[in-house]
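Summary of the model geometry
Listed below, chain by chain, are the residues.
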Amino acid sequence: MTQETASEEKKRNPIVPFLRIPEDPKQEPYLWGSKCKACGAVFLGERIACGKCGDTDPLEEVHLSDEGEIYVFSVVHQTVPGLDAPYVAAIIDLPEGVSVRGNVYGLDPEKPSPEWFGKKVKMYTEKVRTDREGNDVIAAKFRVLN
Ligand SMILES: [Zn+2]
């Protein structure tokens, strides 16, 4: 019998509240949103009321797609220590009608191209740092699909 307890285990905490990391490590992390039962509008993360029709019935939680398209992007040349620059920061449209900000990998930031608009990307997650309690901090990133 060992005295190691689950409470001392490292946790995986999302860097943004709209990224959910299932307890079961076999399940993939995913983005989630809130869907209005009255008009069907979808919002990223939690909402207490619909921003489209104003309905205040509790919104329904929905699992968002892990694939989307680049709506707009910019190349970031200045960043915090520990993060490589330049990199491509984008707003990605998901098929549910919501947009999410994310960094896109698999494109050459030195050669930005108008062809990047509308490019299909897929979400993945990566540990970006360790928090003060020793837990992994997990971020959602995107890579280009061929
Ligand atoms: Zn609504």
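In what follows, the structure referred to is the one given above.
Residues numbered from 1 in each chain as written. Predicted model: local features only at pLDDT ≥ 70, side-chain atom pairs only at ≥ 80, totals over all residues.

This part takes up the overall build of the protein. Along the protein, the regular secondary structure elements total zero helices and ten strands. The order of helices and strands in the protein, counted from the N terminus, is β-β-β-β-β-β-β-β-β-β. Once the C-alpha set of the protein is aligned to its principal axes, its extents read approximately 60 × 45 × 25 Å. Out of the 146 residues belonging to the protein, those deemed buried represent 18%. Within the protein, residue pairs in contact and separated by at least 24 positions form 48% of the contacts whose partners lie at least 6 positions apart. (Helix = DSSP H or I, 4+ residues; strand = E, 2+ residues; numbered from the N terminus. Buried ≥ 20, exposed ≤ 12 C-beta atoms within 10 Å, placed from the backbone. Contact = placed C-beta atoms within 7 Å.)

One finds Leu31, Ile70, Ala90, Ile92, Val98 and Val104 to be the most contacted residues of the largest nonpolar core, which totals 19 residues. Contributing elements (two or more residues each) for this core: β4 (42-44), β6 (67-76), β7 (87-93), β8 (99-105), β9 (120-130) and β10 (136-144). Examining the composition of this core, we find that three residues originate from one element, β7, more than from any other. Excluding residues that lie within four positions of it along the chain, Val98 makes contacts with Gly33, Val42, Phe43, Leu44 and Leu64. (Core = buried A, V, L, I, M, F, W, Y, C linked by C-beta atoms within 7 Å.)

Pairing analysis gives two bridges linking strand β2 (residues 19-20) to strand β3 (residues 30-35), with the strands arranged antiparallel. Note on β3: the bridge partner recorded for Leu19 is Leu31. As paired elements, β3 and strand β5 (residues 60-63) share four bridges and run antiparallel to each other. In the sheet register, Trp32 faces β5, and the bridge partner there is His63. Looking at chain direction, β3 and β4 are connected through three bridges and run antiparallel. Residue pairing in the sheet places Gly33 in a bridge with Leu44 of β4. Two successive antiparallel strands, β3 and β4, enclose a turn made up of six residues, where Gly40 displays a positive phi of approximately 85°. (Pairing = 2+ DSSP bridges.)

To continue, consider the environment of Lys141. Along the polypeptide, Lys141 turns up in strand β10. What makes Lys141 partly exposed here is the crowd of 16 C-beta atoms within 10 Å. Considered as a pair, Lys141 and Tyr105 are 36 residues apart in the sequence and their alpha carbons are 7.7 Å apart. Once residues lying within four places of it in the same chain are set aside, the contact partners of Lys141 are Gly102, Asn103, Tyr105, Tyr124 and Glu126.

Let's shift gears to unusual backbone geometry. The peptide bond linking Ala85 to Pro86 adopts the cis configuration, its omega dihedral lying at -5°. Within the secondary structure, Pro86 is located in the loop between β6 and β7.

Mapped onto the elements, Pro22 comes out in the loop between β2 and β3. Considered as a pair, Pro22 and Arg12 are ten residues apart in the sequence and their alpha carbons are 9.2 Å apart. In contact with Pro22, other than residues within four places in its own chain, are Gln27 and Pro29.

Taking every second residue as pointing to the same face, the buried face of β7 carries Val88, Ala90 and Ile92, while none of Tyr87, Ala89, Ile91 and Asp93 on the other face is buried. The sheet contact formed by β6 and β7 spans seven bridges and is antiparallel. Within β7, the residue paired with Ile70 across the bridge is Ile92. Bridge count for β7 against β8 is six bridges, and the pairing is antiparallel.

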